[in-house]
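Examination of the molecular architecture
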Amino acid sequence: DTWGIPLVITALPDARMKDKTEIYPNPAKNNIYVTLHNSGFPVLLEIVNMQGRVLSSSKLNSDSDSVNITNLKAGIYMYRISKNGVRIKTGKLIIE
């Protein structure tokens, strides 16, 4: 006998992808480079200030992409990478 309904999980980010996603250099000056592995595309990269306001939003469509950050002042920011509304990775980004 079985009971209940089987649980099927269909939309969790792949932990291996999180570990292989890279943003460099950090600290950065003019551009940041994003390397994604087996993510499927498109992926959204957002850079937010410490108040949570989105200052930059870029759609990434390849395994390796660059993002111009010259419009951002020197400081500490957070980045968020997501796919289909599911957050893949977050972290701190320092701009010099």
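Refer to the structure printed above.
The following paragraphs examine the structure supplied in this document. Nothing here was measured: the structure is a model prediction, and the numbers come from that model.

Rules and cut-offs
- All residue numbers here refer to positions counted from 1 along the written sequence of the relevant chain.
- Owing to the predicted nature of the model, reporting of local features is limited to residues with pLDDT of at least 70; listing and counting of side-chain atom pairs is limited to 80 or more, with chain, interface and lining totals taken over all residues.
- Side-chain metrics rest on all non-hydrogen atoms present in the structure, leaving aside hydrogens and water.
- When DSSP finds two or more bridges between two strands, those strands count as paired.
- Helix numbering and strand numbering both begin at the N terminus, where a helix is a DSSP run of H or I of at least 4 residues and a strand a DSSP run of E of at least 2.
- Axis lines are fitted to C-alpha atoms, over the contacting stretch for helices. Their N-to-C directions set the angle, which ranges from 0 to 180 degrees.
- What is meant by a nonpolar core is a set of buried Ala, Val, Leu, Ile, Met, Phe, Trp, Tyr and Cys residues, joined one to another through side-chain atoms within 4.5 Å.
- Exposed residues in this analysis have more than 50% of their type's maximum accessible area, buried residues have under 20%, and partly exposed residues fall in between, with area computed by a 1.4 Å probe over protein chains only.
- Contacts are residue-level and defined by heavy atoms, with any inter-residue pair within 4.5 Å sufficient.
- Residues enter patches when their relative accessible area tops 30% and they take part in no salt bridge; the joining distance is 9 Å for like charges and 5 Å for the nonpolar side chains Val, Leu, Ile, Met, Phe, Trp and Tyr.
- Accessible surface area values rest on a Shrake-Rupley calculation with a 1.4 Å probe, where residue burial reflects the displayed protein chains alone.
- For salt bridges, the criterion is a side-chain nitrogen of Lys or Arg within 4 Å of an Asp or Glu carboxyl oxygen.

As for the sheet that holds strand β2 (residues 31–35)
Read from one edge of the open sheet, three strands run β1-β2-β5, paired in antiparallel fashion. Taken across any chain shown, the strands that pair with only one partner, and hence form the sheet edges, are β1 (22–24) and β5 (64–68). If you compare each strand with its neighbour and ignore which way they point, the axes differ by 20° on average. Relative to β5, β2 runs antiparallel, the two sharing five bridges. When the sheet's bridge partners are listed, Y33 is paired in β5 with S66.

Some details on the nonpolar core
Buried together is how nonpolar side chains tend to be arranged in soluble globular proteins. Ranked by internal contacts, the top residues of the largest apolar core, which has 18 residues, are I23, I32, V34, L45, I47, I69 and I81. Contributing elements (two or more residues each) for this core: β2, β3 (43–48), β6 (75–83) and β7 (86–95). Sequence-distant contacts of I32, defined by excluding residues within four places in its chain, comprise I23, Y24, P25, L45, I47, D65, S66, V67, I69 and L93.

Looking at the side chain of S58
Its place among the elements puts S58 in strand β4 (residues 54–60). Here S58 is in contact with V43, L44, L45 and V67, once residues within four sequence places are set aside.

Some words on a nonpolar patch on the surface
A contiguous nonpolar surface patch, about 260 Å² in accessible area, is contributed by M50, I76 and I94. Tracing the backbone through its elements, the reader meets I94 in strand β7.

Observations regarding the pattern of salt bridges
Using the criterion set out here, one finds one salt bridge in the structure. The residue R80 makes a salt bridge to E46 at a minimum N-O spacing of 3.2 Å. Of the two residues, R80 sits in strand β6 while E46 sits in strand β3, which places them 34 residues apart along the sequence. Among the residues examined, E46 registers a relative accessible area of 17% and is labelled buried.

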